[in-house]
Amino acid sequence: MQSQKPMIHFNVLGGAEQIGANSTFLNFGGTGIIVDAGLHPKNRSVHAFPSIHSIEDEPTDALLITHAHTDHIGALPYILKEQPYLRLITTALTRDITSVMLQNTNKLIREQIDISQFKQDALSLYTKETAEYISTVFETYSYKEPFEIIGRRGLMPVKCTFFDAGHIPGSSGILCEWNGLSVFHTGDVQFKKQTLIPGASFPKHHIDVLFCESTNGAKESEELSFATSKAELAKFINAISNQNGSILIPSFALGKTQEILCIIFEMQQKGLIPTLPIFSGGMGKKISAIVDRYCYTSPRIKPGFEIADIPQIDIPYDDIEKGPYFSTPSIVIASSGMMNPGTISYKLAHSWMQKRNYGIAFIGWQDPDAPGYALSHSEPNQKFMFGPHAVKRQCAIKNFRFSAHACKEDLLGFIEQVQPKLLVLLHGDQEACESLAASASNIMHDGMKILLPMQGKKYSFEKE
Ligand SMILES: [Zn+2]
Ligand SMILES: [Zn+2]
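Just so we're clear, the structure is a prediction, and the values are computed from it rather than from any experiment. (Residues numbered from 1 in each chain as written. Chains lettered and ligands numbered in written order. Predicted model: local features only at pLDDT ≥ 70, side-chain atom pairs only at ≥ 80, totals over all residues. Heavy atoms only, no water.)

**Student:** Quick one: what's the story with the overall build of the protein, residue by residue and with numbers?
**Tutor:** Looking only at helices and strands, the protein has 11 helices and 22 strands in total. In terms of overall dimensions, the protein is globule-like: its C-alpha atoms have a radius of gyration of 22 Å, near the 23 Å expected for 464 residues. Reported as C-alpha extents along the three principal axes, the dimensions of the protein are approximately 80 × 50 × 40 Å. Across the 464 residues that make up the protein, the buried fraction comes to 58%. (Helix = DSSP H or I, 4+ residues; strand = E, 2+ residues; numbered from the N terminus. Rg over C-alpha atoms; globule rule 2.2 N^0.38 Å. Buried < 20%, exposed > 50% of the residue type's maximum accessible area, 1.4 Å probe, protein only.)

Right under this line is the structure:
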């Protein structure tokens, strides 16, 4: 006899025991939903993309996007080439940012991916036109505004709802309810408030299956304290400006740039640091302008506050070597966050390194292969490889943590609150996932399961 209990299937297409091409497939009785379409931040082979071929025989009806970071949207044109009829759904703010972020992804694909590894035309949608077109076909919903998805092979609609994830402006966790069964995907989440945006506002009721990000699954809250990091950053800025130097802050264009601008502005207003001129520009500025358009409609600490209210001067892109920051103590916020070769932060770093009284403040995660990692771990006056160049640095360097991801205690607090029957850990390295799994097993009720999924493998969950 066939079971009448509601059952779902799922398949993690990327982001299993790593922060990679994040993407999860869910099959609710014939309605197929993909959550996110990420591009791996480092891998540049076919494995940089979600393993979409592992669901070739599955129904696919909609692609829901949690937020616009490249590790969640960078494979959108790749998936759309394979699955052109997917409904695309996200928040309005994420839709607008996605369009800009994809322009940057196009460049990255052209410059870094070995196209010969792919079947013909697999990457043909990485164009300016597609990035623009995508923003016109997205359906958008606000937080806590439910919408339905019913697939061509589905019998019963899946009710979906976005919840504010507190990670970056526009970011969401997604609740899917179907046939008496509930699934929640956290996307990337921060439960604590940041300077620009409040912390996550997630459902508090029981959830059957919880897909939970694990970036900081091995990190306690004191390691990630914003208050401590802010105090240390103020001290660093004061020390450098007191010796007549300028501070360079390499920063990701989406999320970090807006947050660090707010942090510096707040410190200036409180008189904790001098009112040095702030230089910004490029893609970070473009994204800030989009974020500002939603200053009343997307949650923030001070409704109506605009990044544009913070006095900023454009980095002179035509001749960055002649910028006023070389004659007057200033703060320069420039992408990329990891100082990838060719970017403004990379170019400026070469000049900064020569100056004993200058300083570079690292505020985000550095991939061990990135130039930013090498510089942030370098010793003064000792040779190291910065991209293709052997260099020495004279300037001061300091690392700060302003993580937009929840710490271990906060993740555990959420898991304990919703008591999932099945907890699936994603978006973290092996150490983070295993550490979070070990702690979660202590707080979950009997009979609950924890899964560290394998990429491309099909799993099932049946409600008792
Ligand atoms: Zn993210
Ligand atoms: Zn992510």
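Still more ground to cover, so stick around.
**Student:** Quick one: what's the story with the sheet that holds strand E21 (residues 449-451), residue by residue and with numbers?
**Tutor:** Strand order in the open sheet formed by seven strands is E7-E8-E9-E10-E11-E20-E21, and the pairing between neighbours is mixed. Taken across any chain shown, the strands that pair with only one partner, and hence form the sheet edges, are strand E7 (147-149) and E21. The mean inter-strand angle of the sheet, taken between neighbouring strand axes irrespective of direction, is 20°. Of the strands in this sheet, strand E10 (181-185), strand E11 (209-213) and strand E20 (422-426) are in contact with helix H10 (residues 408-418), which crosses E11 at around 175°. Relative to E20, helix H11 (residues 430-443) is tilted by about 160°, and along the sheet it contacts E11, E20 and E21. (Pairing = 2+ DSSP bridges. Axes fitted to C-alpha atoms, helices over the stretch in contact; angles between N-to-C directions. Contact = heavy atoms within 4.5 Å.)

**Student:** Quick one: what's the story with the nonpolar core, residue by residue and with numbers?
**Tutor:** Side chains of a nonpolar character, in soluble globular proteins, are inclined to be buried together. Within the largest apolar cluster, 71 residues are counted, with the highest numbers of intra-cluster contacts made by Phe 49, Leu 76 and Tyr 78. Looking at this core, the element that brings in the most residues is helix H6 (residues 256-269), giving seven residues. (Core = buried A, V, L, I, M, F, W, Y, C linked by side-chain atoms within 4.5 Å.)

**Student:** Describe the coordination of the zinc ion (ligand 1), and please don't skip the residues or the numbers.
**Tutor:** Taken together, the protein ligands of the zinc ion (ligand 1) are His 67 (NE2), His 69 (ND1), His 167 (NE2) and Asp 188 (OD), with distances of 2.2 to 2.3 Å. With four donor atoms in place around the zinc ion (ligand 1) and angles of 89 to 168° between them, the coordination shape is irregular. Each donor residue of the zinc ion (ligand 1) lies on one chain, and together they are spaced H-x1-H-x97-H-x20-D. In this model, the zinc ion (ligand 1) sits 3.4 Å from the zinc ion (ligand 2), the two metals being bridged by Asp 188. Of this pair, His 69 sits in the loop between strand E4 (62-64) and helix H1 (70-73) while Asp 188 is found in the loop between E10 and E11, placing the two residues 119 residues apart along the sequence. Here His 69 and Asp 188 have matching classes, each one buried. (Donors = N, O, S within 2.8 Å, 3.2 Å for Na, K, Ca; no water. Tetrahedral: all angles 85-135°; square planar, octahedral: opposite > 155°, others 65-115°.)

**Student:** Let's hear about the domain arrangement of the protein: which residues, and what values?
**Tutor:** As assigned here, the protein comprises domain 1 (7-219 + 404-462) and domain 2 (222-399). Taking only C-alpha atoms, the centre of domain 1 and the centre of domain 2 are 29 Å apart. With 28 residues of domain 1 at the interface, the matching set in domain 2 holds 28 residues. Buried surface at the junction of domain 1 and domain 2, both sides included, amounts to about 2400 Å², of which 71% is carbon and sulfur. Among the residues of domain 1 in contact with domain 2, Leu 93, Thr 195 and Leu 196 are the three that bury the most area, contributing 29% of the side total. Viewed at the interface, domain 2 and domain 1 are joined by three salt bridges. The residue Asp 367 makes a salt bridge to Lys 42 at a minimum N-O spacing of 3.6 Å. Among the elements that make up the side of domain 1 that touches domain 2, the one with the highest residue count is helix H3 (residues 92-112) (eight residues). Broken down by class, the residue content of the side of domain 1 that touches domain 2 amounts to 15 nonpolar, six polar and seven charged. (Domains from an automatic or database assignment. Buried area = accessible area lost by both parts, 1.4 Å probe. Salt bridge = Lys/Arg side-chain N within 4 Å of Asp/Glu carboxyl O. Nonpolar A, V, L, I, M, F, W, Y, C, P; charged D, E, K, R; others polar.)

**Student:** I'd like a description of unusual backbone geometry, backed by residues and values.
**Tutor:** Residue Ser 336 follows Ser 335 across a cis peptide bond; omega there is 10°. By the element assignment, Ser 336 lies in the loop between strand E15 (331-334) and helix H8 (344-353).

**Student:** Break down the pattern of salt bridges for me, with residues and values.
**Tutor:** Counted under the stated rule, the structure contains 17 salt bridges. With its nearest N and O atoms 3.2 Å apart, the salt bridge here joins Lys 128 to Glu 132. One end of the pair, Lys 128, and the other, Glu 132, are both in helix H4 (residues 128-137), four residues apart, so they sit about a helical turn from each other. Lys 230 is the salt-bridge partner of Glu 266, the closest N and O atoms lying 3.2 Å from each other. Here Lys 230 lies in helix H5 (residues 226-242) and Glu 266 lies in helix H6, a separation of 36 residues in the sequence. What makes Glu 266 partly exposed here is its relative accessible area of 25%. Take Lys 230: its relative accessible area is 18%, and that puts it in the buried class.

**Student:** Lay out the coordination of the zinc ion (ligand 2) in plain terms, naming residues and giving numbers.
**Tutor:** Protein coordination at the zinc ion (ligand 2): the donors are Asp 71 (OD), His 72 (NE2), Asp 188 (OD) and His 427 (NE2), at 2.1 to 2.2 Å from the metal. Coordination at the zinc ion (ligand 2) comes from four donor atoms whose angles at the metal span 90 to 167°, giving a geometry best classed as irregular. Sequence positions of the donors to the zinc ion (ligand 2) reduce to the motif D-H-x115-D-x238-H.

**Student:** Describe in detail a negative patch on the surface, supporting the description with residues and values.
**Tutor:** A surface patch of negative charge is lined by Glu 220, Glu 222, Glu 223 and Glu 409. Tracing the chain through its elements places Glu 223 in the loop between E11 and H5. Given a relative accessible area of 44%, Glu 223 falls into the partly exposed group. (Patch = residues over 30% accessible without salt bridge, like charges linked within 9 Å, V, L, I, M, F, W, Y side chains within 5 Å. Areas by Shrake-Rupley, 256 points an atom, 1.4 Å probe, with all protein chains shown as cover. Lys, Arg positive; Asp, Glu negative; His and termini not counted. Charge placed at Lys NZ, Arg CZ, Asp CG, Glu CD.)

**Student:** A description of the environment of Met 7 should follow, citing residues and the corresponding values.
**Tutor:** Structurally, Met 7 can be placed in strand E1 (residues 7-14). Residue Met 7 is classed as partly exposed on the basis of its relative accessible area of 34%. When the C-alpha positions of Met 7 and Phe 184 are compared, they lie 15 Å apart, and in sequence the two are 177 residues distant. If sequence neighbours within four positions are ignored, Met 7 has contacts with Asn 27, Gly 29, Trp 178, Leu 181, Ser 460, Phe 461 and Glu 462.

**Student:** Break down the sheet that holds strand E3 (residues 31-35) for me, citing the residues and quoting the values.
**Tutor:** The seven strands lie next to each other as E6-E5-E4-E3-E2-E1-E22, forming an open sheet whose pairing is mixed. Looking at the sheet topology across the chains shown, the edges are occupied by strand E6 (139-140) and strand E22 (458-462).

**Student:** Please set out the packing of H3 against H4 residue by residue, giving values where relevant.
**Tutor:** In the contact formed by H3 and H4, the axes pass within 8 Å of each other and the chain directions differ by 170°. Judged by the angle between their axes, H3 and H4 are roughly antiparallel. Side by side, H3 and H4 meet where Arg 95, Ser 99, Leu 102, Gln 103 and Asn 106 of the first sit next to Lys 128, Ala 131, Glu 132, Ile 134 and Ser 135 of the second. Broken down by class, the residue content of the contact of H3 with H4 amounts to three nonpolar, four polar and three charged. (Parallel < 35°, antiparallel > 145°, perpendicular 65-115°, else oblique.)

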